[in-house]
Amino acid sequence: MLPLLTFSVLLSTACCAVYDYGAYDATRDSFLPGRFPDGFSFSTATAAYQIEGAWNASGKGESIWDRFSHTPGKVDRGDTGDVACDSYNKYREDVQLMKNMGLQDYRLSLSWPRIFPDGTRAGGVNPDGVNYYNNVIDELLANGITPMVTLYHWDLPQALQDRYGGWVNETLVDHFNDFAAFAFQTFGDRVRYWITFNEPKPVCNKGYETGTRAPGVRDLTLLSAYRCGHTIIKAHARAYHTYDRDFRSTQGGIVGITLNLDWAEPRDPDLPADVQATDRYMQIYSGWFAHPIYVDGDYPPFIKEGLQQVGLANPGETVPEFSTEDAAYIAGTADFFGLNHYKTRIVTSRDVTVGTAQTYGDPDVYITENGRSDPDVQPPILEDTDRVCYYMTYIDEVLKAIKDDDVKVKSYTAWSFMDNFEWDKGYTERFGLIYVNFTDPNRPRTPKRSAGFYTDIIASNGFPEGAEITKMTRDMWEECRGGPAGWAAATHANVGVLTLCFLVTAMYNFLNM
């Protein structure tokens with residue numbers, strides 16, 4: 001486990017500050033009681049393919065994850081999302097569980113092929129799919145829960161993959177914009193928060209490079225991965241401008257993108273090469289998509305260098321590049337920074353050239369995913385103390401990032417609301433606050449201990465002095481962190497949950513250079 005300090009630093013250095021990895025301050029590890037600011041919201045999240053099921057029901061088209069999971073050997077144990085959590089039929093029950101937890105927001109995604117079965121507006125709209133999402137949104141609002149809607153959470157219509165090769169083809173910019181415009185027009189009277197894409201980096205790296213996730217394209221030349229990213233950035237910008245031009249004035253919503261950011265620490269903080277390698281890792285991890293959108297509409301130098309090398313290794317192939325007009329169109333196309341974060345990595349040097357630090361502006365930060373998994377074992381882990389510790393320490397680091405570092409974090413989202421289909425891992429990993437029995441056709445839900453803990457944090461809006469949740473947290477703090485002796489001896493080779501606080505603070509500093 002890596003020192004908790006990293007979450008606060010990640011939230012500040014992801015914004016491209018220069019961070020002294022050797023200047024670890026153990027006092028940052030202390031528990032900070034206090035309330036979150038007025039207007040701060042607590043949320044959970046899921047994605048359509050991971051929970052809905054009903055994969056071929058009521059007019060829905062096939063998605064790339066339907067095809068991928070039905071292909072033998074692609075998903076652990078041969079699991080599929082055919083039924084998943086059966087939320088297509090059980091959404092009302094799910095919303096009541098959310099209400100019981102006191103959730104203020106809920107992040108969901110729309111299944112593109114459930115609305116446009118063949119991926120195109122010309123191919124026709126599926127009214128049953130539209131009705132389903134209208135019902136979900138209305139049910140949330142009727143129970144005092146604000147929907148945050150992701151337009152693309154990895155389930156591309158298979159028809160677009162078959163016809164165009166998926167995200168490597170820029171024709172998808174037009175089709176995604178049609179889908180986005182339809183969603184804005186249909187649901188935007190009730191939805192204020194929009195996310196265009198969830199985690200485009202693994203979409204491209206794992207879907208079009210290693211082939212370990214849908215659509216399963218293996219292309220180690222990196223051409224497909226880079227083309228995928230190029231198309232997604234253009235599609236994001238187009239959808240943003242469509243909302244800005246046609247819907248913002250009447251609907252008053254905001255549009256952003258969610259990027260996954262790991263925090264990294266050098267194996268040896270006193271070795272300049274390791275520090276430089278760590279800086280480069282952070283820039284590559286965030287800069288591929290964040291730099292064009294939040295800075296100047298173009299790729300940062302280290303991505304351009306990579307593209308140049310790919311071009312030299314593949315003569316005759318065209319590598320992506322943004323024109324001056326593209327850059328002007330892409331820059332600034334986000335009203336907030338959506339942040340997903342799960343873990344920290346230790347980095348050591350290789351013989352590479354280090355790029356320069358970048359500046360991403362000064363956006364509000366919405367933490368759109370943060371969580372940890374347990375294995376799928378019997379008996380099930382309902383007393384999930386490790387998850388309680390994880391959330392306890394991460395959420396307190398968000399509070400530190402806000403109070404100590406003036407980071408503009410507006411929302412925290414726990415991943416996930418309930419156990420679900422975890423992509424190529426199937427049901428072998430469980431991230432949920434709610435346990436789902438996938439061997440029972442009724443898919444019964446059972447709140448875990450972590451659900452009760454999160455409920456108490458929401459009710460108290462943090463850790464106010466005198467509250468029972470604060471006493472519990474203070475009593476568990478050293479136990480969760482491995483005890484005072486163990487934690488006092490922690491070094492940067494063993495960095496912990498503080499990752500999110502560092503990430504938030506780090507992002508903020510980067511944004512304000």
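Residues numbered from 1 in each chain as written. Predicted model: local features only at pLDDT ≥ 70, side-chain atom pairs only at ≥ 80, totals over all residues. Heavy atoms only, no water.

**Digging into the state of the cysteines**
Next, step 1: Under the counting rule described, the total for this entry stands at 2 disulfides.
Next, step 2: Between the sulfur atoms of Cys-389 and its disulfide partner Cys-480 the distance amounts to 2.0 Å. Taking the torsion about the S-S bond as the criterion, the Cys-389 to Cys-480 disulfide, at about -70 degrees, is left-handed. Of this pair, Cys-389 sits in helix H15 (residues 385-405) while Cys-480 sits in helix H17 (residues 468-480), and the two are 91 residues apart along the sequence. For the pair shown, Cys-389 and Cys-480 are each scored as buried. (Disulfide = S-S within 2.5 Å. Helix = DSSP H or I, 4+ residues; strand = E, 2+ residues; numbered from the N terminus. Buried < 20%, exposed > 50% of the residue type's maximum accessible area, 1.4 Å probe, protein only.)

**Section: helix H8 (residues 171-187)**
Next, step 1: Counted at 1.5 Å a residue, the expected span for H8 with its 17 residues is 24 Å, and the 25 Å between its end C-alpha atoms agrees.
Next, step 2: Across the 17 residues that make up H8, a large majority, 13, are buried. (Expected span 1.5 Å × (residues − 1).)

**Notes on the pattern of salt bridges**
Next, step 1: Counted by the stated rule, this structure contains 32 salt bridges.
Next, step 2: The partner of Asp-374 in a salt bridge is Arg-387, and the shortest N-O contact between them spans 3.0 Å. Here the residue Asp-374 occupies a position in strand S11 (residues 374-375), and Arg-387 occupies one in helix H15, the gap between them amounting to 13 residues.
Next, step 3: Judged by its relative accessible area of 8%, Asp-374 is buried.
Next, step 4: Taking relative accessible area as the criterion, Arg-387 reaches 0% and is therefore assigned buried.
Next, step 5: Note that Lys-448 and Asp-419 form a salt bridge whose closest N and O atoms lie 2.9 Å from each other. Residue Lys-448 is found in the loop between strand S15 (445-447) and helix H16 (449-460), and its partner Asp-419 is found in the loop between strand S12 (409-414) and strand S13 (429-430); the two are separated by 29 residues along the sequence. Of the two residues examined, Lys-448 and Asp-419, each falls in the buried class. (Salt bridge = Lys/Arg side-chain N within 4 Å of Asp/Glu carboxyl O.)

**What to know about the pairing of strand S2 (residues 41-45)**
Next, step 1: Counted residue by residue, S2 has 5 buried out of 5 residues, so it is predominantly covered.
Next, step 2: The pairing of S2 with S12 spans 4 bridges and is classified as parallel. Its bridge partner being in S12, Ser-41 is matched across the sheet by Ser-411. (Pairing = 2+ DSSP bridges.)

**A word on the environment of Phe-463**
Next, step 1: By secondary structure assignment, the location of Phe-463 is in strand S16 (residues 462-463).
Next, step 2: Look at Phe-463 and you get buried, because its relative accessible area is 0%.
Next, step 3: The spatial distance from the C-alpha of Phe-463 to the C-alpha of Leu-32 is 8.0 Å, given a sequence separation of 431 residues.
Next, step 4: Excluding its chain neighbours within four sequence positions, the residues that come into contact with Phe-463 are Phe-31, Leu-32, Pro-33, Gly-34, Met-392, Ile-395, Asp-396, Leu-399, Ile-457, Thr-470 and Thr-473. (Contact = heavy atoms within 4.5 Å.)

**Digging into the UniProt feature "active site" (unreviewed entry) in the chain**
Next, step 1: Taking the UniProt record as the reference, the feature "active site" (unreviewed entry) is found at Glu-369.
Next, step 2: Here Glu-369 is to be found in strand S10 (residues 364-370).
Next, step 3: Sequence-distant contacts of Glu-369, defined by excluding residues within four places in its chain, comprise Arg-107, His-153, Asn-198, Glu-199, Leu-339, Asn-340, His-341, Tyr-342, Thr-413 and Trp-415. (UniProt positions renumbered as here; feature names shortened; annotations may be inferred.)

**Quick look at unusual backbone geometry**
Next, step 1: Cis peptide bonds are those with omega within 30 degrees of zero, and the linkage from Ala-214 to Pro-215 qualifies with 10 degrees.
Next, step 2: Locating Pro-215 in the fold gives a position in the loop between helix H9 (200-208) and helix H10 (223-246).
Next, step 3: Residue Pro-379 is reached from Gln-378 by a cis peptide bond, and omega for that bond is 0 degrees.
Next, step 4: Within the element layout of this structure, Pro-379 appears in the loop between S11 and H15.
Next, step 5: Here Ala-54, not a glycine, exhibits a phi torsion of approximately 45 degrees, which is positive.
Next, step 6: Assignment of secondary structure puts Ala-54 in the loop between helix H2 (48-51) and helix H3 (64-69).
Next, step 7: By relative accessible area, which is 14% here, Ala-54 ends up buried.
Next, step 8: Notably, Trp-154 is not glycine yet its phi reads approximately 85 degrees, a positive angle.

**Observations concerning the packing of aromatic side chains**
Next, step 1: Tallied over the full model, the rule gives 46 aromatic pairs.
Next, step 2: Ring geometry for Tyr-412 against Tyr-454: centres 6.4 Å apart, planes inclined by 65 degrees, an arrangement best described as edge-to-face. Remark: Tyr-454 occurs in helix H16 and Tyr-412 occurs in strand S12; sequence separation between them is 42 residues. Here the two residues Tyr-412 and Tyr-454 agree in accessibility, since each one is buried.
Next, step 3: Every member of this aromatic cluster is reached through a ring pair, and the members are Phe-36, Phe-40, Phe-42, Tyr-390, Tyr-391, Tyr-394, Tyr-412 and Tyr-454.
Next, step 4: A cation over a ring is seen here: Arg-114 above Tyr-132, with NZ or CZ 5.9 Å from the ring centre. (Phe/Tyr/Trp six-rings, centres within 6.5 Å; stacked < 30°, edge-to-face > 60°. Lys NZ or Arg CZ within 6 Å of the ring centre and 35° of its normal.)

**Thoughts on the packing of H8 against H10**
Next, step 1: Two numbers describe how H8 lies on H10: the axes approach to 9 Å, and their chain directions differ by 35 degrees. For the element pair H8 and H10, the recorded crossing hand is right-handed. Residues Leu-172, Val-173, Asp-174, Phe-176, Asn-177, Ala-180, Ala-181 and Phe-184 of H8 form the contact with H10, whose participating residues are Thr-231, Lys-234, Ala-235, Arg-238, Ala-239, Thr-242 and Tyr-243.
Next, step 2: Of the residues in the contact of H8 with H10, the class split is 9 nonpolar, 3 polar and 3 charged. (Axes fitted to C-alpha atoms, helices over the stretch in contact; angles between N-to-C directions. Left-handed = near helix turned anticlockwise from the far one by under 90°. Nonpolar A, V, L, I, M, F, W, Y, C, P; charged D, E, K, R; others polar.)

**Quick look at the nonpolar core**
Next, step 1: Among the nonpolar cores identified, the biggest contains 129 residues, and Trp-167, Phe-176 and Tyr-412 are the most heavily contacted of them.
Next, step 2: Here this core takes 11 residues from H15, the largest share from any one element.
Next, step 3: Beyond its immediate sequence surroundings of up to four residues, Phe-176 is in contact with Trp-112, Leu-151, Tyr-152, Trp-167, Thr-196, Phe-197, Ala-235 and Ala-239.
Next, step 4: Ranked by size, the runner-up nonpolar core spans 6 residues in total, among them Tyr-193, Ile-195, Ile-254 and Phe-336. (Core = buried A, V, L, I, M, F, W, Y, C linked by side-chain atoms within 4.5 Å.)

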